[in-house]
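# Inside the fold
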Amino acid sequence: MNYAKPELLDALAAAYVLGTLSPLARRRFEHLCRTLPAAGDAVREWERRLGRLAESVPPLTPSAQMWQVIERRTIGARSPRTETDDEDLSRELGAWLRPLLAFACGLLFAVGVVRMYPESFVEPVPVSALGLPPSYLGILAPADGEPVLLASAARREQRLGLKLLQPLNIPQGQVAVLWALSGDAPPRPLGLVPAQGTGEITLSAPADRQLASVSQLGVSFESELPAPGARPQPFVLSGRCVKFW
Amino acid sequence: MAADDDTLQALIARVALGDAQAFEQLYELSAPRLLGVAMSLLGRRERAEEAVQEAFFKIWQRADSYSVTAGPPFAWLAAVVRHQALDLLRSERRRPLEFGDEEHVASLAERADERPDPLDLLEQAIDALRLRNCLQAVPQQQRRCLALAYYRGLTHTQLADQLAAPIGSVKVWLRRGLDHLRRCLDAVA
């Protein structure tokens, strides 16, 4: 079949959502949806339309057990963890995190954190650090210098945390603005960066929606926080934005 | 208790952030209607509850895939439940009869009558969505075909058997009915 034809995709999506496809055709179309975005879009269009027809179906009172089963498999499943879970998690995270932690440790040494903070601060990374939530991370530095800014946001949170590794010399009367850069899209201002210490930017949506396609972060000095669509001044800091999971 | 779109949208957004309290509220507000949807397709309460349980498991995992541009929140929730119920229905119909199934099939046939008539449900939806004028040109046969497919989950082949019509005619009726529905639903959206 030629799935490039929109009318064919539309007809298949309608039959899939309505429920008239045979089991085999249904499985085939679900596979197509996973590989062809246009098929998924066509399905969502028909779900939006036909979902309205469900409103006429009379409600039924669920049994008490129904919620108990759902709760056990969802909310209950995320706490408390079993030993087996922890072993699996440690194995899985260890494979991912060892190289990243080695890199992060090297970086911290490079920027002189060891000299700047008391000895007691620099301890081996505790085991609990392996339990870091999945996050987006950015380490920003000037073109020819050491890292200045750390930015991080848990993937489901709207808070983007900022930490200055060294003071940022913001010119008088200007503000430092953090920008998100993704592919060919215009840079998007995220919020203001403090001159030193720590700060926080509230994203307009969870990080998964705001940062999933962002490959780079940048900081520029502006006269004020620019409106979306504005062009940034030259970046004084920049760095890659990576998924930490 | 029915909930308005804004309430459901806000709850789904909070569930996407892992908010357990919002998830429970979403369940309380939508589960009775969603159970009705599953029951309409599956005709057996334990299977309907199983479909809704699986659907809520997916909603907990995939709430962040819902967007307000995807349409009303209940339509999205109903779609998740319908897909789950259709999968169960198809797996049931593939399974060969086993010892003791005769009794179950007999009880299923009796209980099937307790479900609301699919055509009545479609007519009620048409009135509730104010599509009566727009859909008046759709012949009764097309409506019956759409209703049996949507509310009972019949495949093309099963529809042809039930309506004693060639499968080609069934496909044409469904296609024309869906085209009409698309025009009318998009006009009121």
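Residues numbered from 1 in each chain as written. Chains lettered and ligands numbered in written order. Predicted model: local features only at pLDDT ≥ 70, side-chain atom pairs only at ≥ 80, totals over all residues.

Along the backbone of chain A there are seven helices and eight strands. Counting over 245 residues, chain A shows a buried share of 27%. Sequence-distant contacts in chain A: of pairs separated by 6 or more residues, those separated by 24 or more amount to 61%. (Helix = DSSP H or I, 4+ residues; strand = E, 2+ residues; numbered from the N terminus. Buried ≥ 20, exposed ≤ 12 C-beta atoms within 10 Å, placed from the backbone. Contact = placed C-beta atoms within 7 Å.)

A few words now on unusual backbone geometry. All names here are of chain B. Positive phi outside glycine occurs at Arg 130, with the angle close to 55°. Assignment of secondary structure puts Arg 130 in the loop between helix H6 (118-128) and helix H7 (140-152). For Arg 130, a count of 10 C-beta atoms within 10 Å translates into the label exposed. You will see that Ala 164, though not glycine, has its phi angle at about 50°, which is positive. Assignment of secondary structure puts Ala 164 in the loop between helix H8 (156-163) and helix H9 (167-188). Judged by C-beta crowding, with 6 C-beta atoms within 10 Å, Ala 164 ranks as exposed.

We now examine the packing of helix H1 (residues 6-18) of chain A against helix H3 (residues 37-50) of chain A. Residue and element names in this part refer to chain A. In contact at an axis separation of 8 Å, H1 and H3 are set at 50° when each is read in the N-to-C sense. In terms of orientation, H1 lies oblique with respect to H3. When you trace H1 past H3, the crossing you get is right-handed. Between H1 and H3, the residues in contact are Leu 9, Asp 10, Ala 13, Ala 14, Tyr 16, Val 17 and Leu 18 and Ala 38, Ala 39, Ala 42, Val 43, Trp 46, Glu 47 and Leu 50, respectively. (Axes fitted to C-alpha atoms, helices over the stretch in contact; angles between N-to-C directions. Parallel < 35°, antiparallel > 145°, perpendicular 65-115°, else oblique. Left-handed = near helix turned anticlockwise from the far one by under 90°.)

Looking now at the sheet that holds strand S8 (residues 235-244) of chain A. As a general point, the strands of a sheet are linked pairwise by backbone hydrogen bonds and lie either parallel or antiparallel. Residues and elements named next belong to chain A. The eight strands are arranged S5-S4-S7-S8-S1-S2-S3-S6 in an open sheet whose pairing can be described as antiparallel. Edge positions in the open sheet fall to strand S5 (188-193) and strand S6 (198-202), since each of these has one partner strand only. Going across the sheet, the axis of each strand differs from the next one's by a mean of 25°, ignoring polarity. Two strands pair when backbone bridges link them, and strand S2 (residues 149-154) and strand S3 (residues 159-164) are joined in this way by four bridges, in the antiparallel orientation. For Leu 150, the partnering residue across the bridge sits in S3 and is Lys 163. (Pairing = 2+ DSSP bridges.)

Counting residues in each nonpolar core, the largest one holds 77 residues, and the members touching the most others are Ala 13 of chain A together with Leu 34, Ala 38, Val 52 and Val 81 of chain B. Not counting chain neighbours up to four residues away, the residues in contact with Ala 38 of chain B comprise Ala 48, Ala 51, Val 52, Val 81 and Ala 85 of chain B. Of all hydrophobic cores here, the second largest spans 28 residues; its members include Leu 149, Leu 160, Leu 181 and Leu 211 of chain A. (Core = buried A, V, L, I, M, F, W, Y, C linked by C-beta atoms within 7 Å.)

Chain B puts 52 residues into the contact, and the matching count from chain A is 38 residues. Of all the secondary-structure elements, those providing two or more residues to the side of chain B that touches chain A are helix H2 (20-42), helix H3 (45-62), helix H4 (73-94), H6, H7, H8 and H9 of chain B. If you tally residues by element for the side of chain B that touches chain A, the top one is H2 of chain B, at 11 residues.

On to H3 of chain B, then. Given a rise of 1.5 Å per residue, 18 residues ought to cover 26 Å, and the 25 Å separating the end C-alpha atoms of H3 of chain B matches this to within 8%. Considered for burial, the residues of H3 of chain B that qualify are Ala 48, Glu 49, Ala 51, Val 52, Gln 53, Glu 54, Ala 55, Phe 56, Ile 59 and Trp 60 of chain B. (Expected span 1.5 Å × (residues − 1).)

Now for the pairing of S3 of chain A. All names here are of chain A. The loop that links S2 with its antiparallel partner S3 comprises four residues. Across five bridges, S3 lies against S6 in antiparallel orientation. Across the sheet, the residue bridging to Lys 163 is Thr 198, located in S6.

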